[in-house]
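# Structural overview
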Amino acid sequence: MKTNDIFDLKRFGKYVLTDGKSCINRFGLDVLTMSLAGLVFYLFIGLVHMFGQLPLYHYNHINSIVLMVVMFMCIVLMFGSKCYGYVTDKRAGGLYTMMPASALEKTLSILVWSFLTPLAFFTIYLAVDGLIALVDPHYGSSLISLVLSTKDELGMLTEEMVEEGINLNFLYNPLTYIDDVMNAVLLFVLGALCFKKNKVAMTILTLIVVGMVSSFVMAPILLAGLDPNEFLQTQMPFVLEHLLLFDTLSDLLGMVGLSVAIYFRLKTIKY
């Protein structure tokens, strides 16, 4: 097999754009709607105050954060089935398999849009939140300003905890969350490619079963050769000091594993 049969940059670029247009047509309106959920909630509170003649409501940022997290989780759960769930359908999936792109290029395109879709959601949600904070003094500070102020407070706390070997600065490193988001999205993409019906529910059920089996198998093995007190005293400080490194490496391994699984699923799918 020639190298350009596996990957061709020009062909890949065209395919990414085609795949993105397909994903936007299938899921774009949903993402936009969920990105504007904070604005909808803000307007709803304003209407309640206006027509209900209630005391002026001071916006609670906890509500906005919870709403953002809930909408983001919906995107994670829905992205795979909305954008790529049709691949398991005999007719639509047949057209997908005949598209002029290799399994590697299709896998890389899935990685691209698995990153760009959550990024678009957070960009729109936080931009709208910042715009509301700019025009309405009763709204308070934006979520970004709130995070930055919390970072300063956490920095002071971190200085006090450094002596104990605990550094919390990794919480503000984007890599701490980007790879986690990618793994979550890719996991449900793989589920959408593996199950023909009830894709989200079956993926969640599979995760529960795998988690239970893993716990039953690994727990006795780990506890048999591990003294919890000794671990806390000797190993925990080292783990906390390099927590970002451990988290990044484990997430990257998970991302590679999921990408390989998606690649082989696309390469071997049959109808």
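Anything mentioned here points back to the structure above.
All of the points below concern the structure found in this document. Because the structure is predicted, anything quoted here is derived from the model rather than measured.

## Observations concerning the overall build of the chain
When helices and strands are tallied, the chain shows twelve helices and zero strands. Walking the chain from its N terminus toward its C terminus, one meets helices and strands in the order α-α-α-α-α-α-α-α-α-α-α-α. Counting every position in the chain, which comprises 271 residues, the buried fraction comes to 31%. Summarising the internal contacts of the chain: among those between residues at least 6 apart in sequence, 76% fall at separations of at least 24. Roughly 16,800 Å² of accessible area belongs to the chain as shown, and the carbon and sulfur atoms make up 72% of that amount.

## Remarks on empty space enclosed by the protein
Across all of its chains, the model carries one cavity of 30 Å³ or more by this definition. Its boundaries defined by the atoms lining it, the largest cavity holds a volume of some 60 Å³. Taken together, eleven residues make up the lining of the largest cavity; nearest its centre are G38, L39, Y125, D129 and Y139. Taken together, the elements giving at least two residues each to the lining of the largest cavity come down to α3 (37-52) and α6 (103-135). For the lining of the largest cavity, the element with the most residues is α6, which contributes four residues. Looking at the lining of the largest cavity, its residues break down into seven nonpolar, three polar and one charged.

So, how was this worked out
Residues numbered from 1 in each chain as written. Predicted model: local features only at pLDDT ≥ 70, side-chain atom pairs only at ≥ 80, totals over all residues. Heavy atoms only, no water. Helix = DSSP H or I, 4+ residues; strand = E, 2+ residues; numbered from the N terminus. Buried < 20%, exposed > 50% of the residue type's maximum accessible area, 1.4 Å probe, protein only. Contact = heavy atoms within 4.5 Å. Areas by Shrake-Rupley, 256 points an atom, 1.4 Å probe, with all protein chains shown as cover. 1 Å grid on protein atoms, 1.4 Å probe; cavity = no way out; pocket = protein on both sides within 12 Å on 5 of 7 lines; lining within 4 Å. Points joined across faces, edges and corners; volume = space filled by probe spheres on them. Nonpolar A, V, L, I, M, F, W, Y, C, P; charged D, E, K, R; others polar.

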